[in-house]
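Overview (structure and organization)
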Amino acid sequence: GLDATPDKSGNAKKTHHRRSSSSFSGTGGSTGLFGNLMRSKSGDAESMAAVAAAQAAASVAAANAPLDLESPGSASLWGETIDACFANAFKRACRVPGPDGRRTRLGLAASWVHFTAFASEKSLESGKSIPAALLISAAGKLYGALGDAAYGSGGIGMAREDVPHAEACALHVLRCGILARLDEGG
């Protein structure tokens with residue numbers, strides 16, 4: 001609606017404070033993001049629901065399937081996962097001083113250990129363990145993140161009193177998450 005809002009000189013001017021629903025669609029009315037979906041015929045809606053149900057079932061089946069870490073592209077996916085979920089977050093957490101940083105590092109270390117344990121269980125369902133190269137790359141990413149955080153780029157490092165705690169968290173991930181999953185050959 002229109003409001004009478006004073007301008008700089010104190011005179012009332014008409015302004016729009018809210019958009020009308022027709023301003024979100026290109027032609028006005030109920031077309032737009034959800035307009036066509038809402039006006040679809042029952043057959044279209046049923047087929048869309050069937051497709052969505054099939055996609056959901058496929059996602060559940062893929063999540064419950066044994067983990068295959070020896071397929072092409074699995075090494076890059078593993079590395080991206082470790083970087084996005086753990087290594088980069090650990091590096092940022094190392095730069096947070098005090099109790100907040102310690103809680104965050106501890107939580108990330110526990111999550112990393114849990115992730116490798118779960119990945120190991122899923123891969124063992126297919127009769128194979130996690131390839132040693134993937135676990136070793138995770139260790140490299142862990143200690144790379146710790147080194148970047150401790151000694152920093154551009155002279156920005158973590159607080160001296162937080163270094164032992166960060167090292168202990170990294171050691172916990174190494175012992176319980178990585179070395180515990182390596183077999184004798186690894």
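It should be noted that the structure appears before, not after, this text.
Residues numbered from 1 in each chain as written. Predicted model: local features only at pLDDT ≥ 70, side-chain atom pairs only at ≥ 80, totals over all residues. Heavy atoms only, no water.

**Focus on the pattern of salt bridges**
Going by this rule: Here, a salt bridge means any Lys or Arg side-chain nitrogen found within 4 Å of an Asp or Glu carboxyl oxygen. Comment: elements are numbered from the N terminus, with helices defined as DSSP H or I runs of at least four residues and strands as E runs of at least two. Partly exposed residues are those whose accessible area sits between 20% and 50% of the maximum for their type, while under 20% is buried and over 50% is exposed, using a 1.4 Å probe and protein chains only.
Tallying each qualifying case throughout the model produces six salt bridges. As a salt-bridge pair, R105 and D162 come within 3.7 Å of each other at their nearest N and O atoms. Within this pair, whereas R105 is found in helix α4 (residues 98-124), its partner D162 is found in the loop between α5 (132-151) and α6 (163-178), the two being separated by 57 residues in sequence. The exposure classification of R105 matches that of D162, with both residues buried. Each of R102, R105 and D162 takes part in one network of salt bridges that share partners.

**Remarks on the packing of aromatic side chains**
Just so we agree on the cut-off: Stacked, edge-to-face and tilted labels apply to pairs of Phe, Tyr and Trp rings (six-membered ring for Trp) whose centres lie within 6.5 Å, assigned for plane angles under 30 degrees, over 60, and everything in between, in that order.
Taken as a whole and judged by the stated rule, the model has three aromatic pairs. Plain terms: the ring middles of F86 and W112 are 5.3 Å apart, the flat faces sit at 20° to each other, and that makes the pair stacked. Here the residue F86 occupies a position in helix α3 (residues 74-94), and W112 occupies one in helix α4, the gap between them amounting to 26 residues. Side by side, F86 and W112 carry an identical accessibility label, which is buried. Ring geometry for F86 versus F115: centroids 5.2 Å apart, planes at 45°, classification tilted. A residue pair is termed long-range when its members are at least 10 positions apart, and F86 in helix α3 and F115 in helix α4 qualify at 29 residues. On the basis of relative accessibility, which here comes to 7%, the residue F86 falls in the buried class. By way of ring pairs, the aromatic residues W78, F86, W112 and F115 are connected into one cluster.

**Let's talk about α3**
Note the following rule: A helix is expected to span 1.5 Å multiplied by its residue count minus one. The angle between axes fitted to the seven residues ending at a residue and the seven residues starting there is what we call the bend at that residue. Contacts: residue pairs with any heavy atoms within 4.5 Å of one another.
Spanning 21 residues, α3 covers 28 Å between terminal C-alpha atoms, matching the ideal 30 Å at 1.5 Å per step. In α3, a bend of some 45° at D83 exceeds every other bend along the element. Among the residues of α3, those classed as buried are S74, W78, G79, I82, F86, A87, A89, F90, A93 and C94. Looking at the buried positions of α3, the neighbouring elements they touch are α4, α5 and α6.

**Topic: the nonpolar core**
Heads up, the condition is: The criterion is simple. A nonpolar core is a set of buried Ala, Val, Leu, Ile, Met, Phe, Trp, Tyr and Cys residues joined through side-chain atoms within 4.5 Å.
Membership of the largest hydrophobic core comes to 30 residues, with the highest contact counts inside it found for W78, F90, C94, W112, I130 and V173. Those elements that place two or more of their residues in this core are α3, α4, α5 and α6. Among the elements that take part in this core, α5 stands out by supplying nine residues, more than any other. Among residues more than four places away in sequence, those in contact with W78 are L69, F115, T116, A119, I130, L134, L135, S137 and A138.

**Quick word on α5**
Stated formally: The arc in question is traced by the directions running from the helix axis to the C-beta atoms.
Under the 1.5 Å per step criterion, the end-to-end length of α5 is 28 Å for 20 residues, consistent within 8% with the ideal 28 Å. L134, L135, A138, A139, L142, A145, L146, A149 and A150 are the residues of α5 that are buried. For α5, the angular spread of buried residues about the axis comes to 145°, placing them on one side. Away from its buried face by more than 90 degrees, α5 exposes A133 and Y151. In this structure, the buried side of α5 is in contact with α3, α4 and α6.

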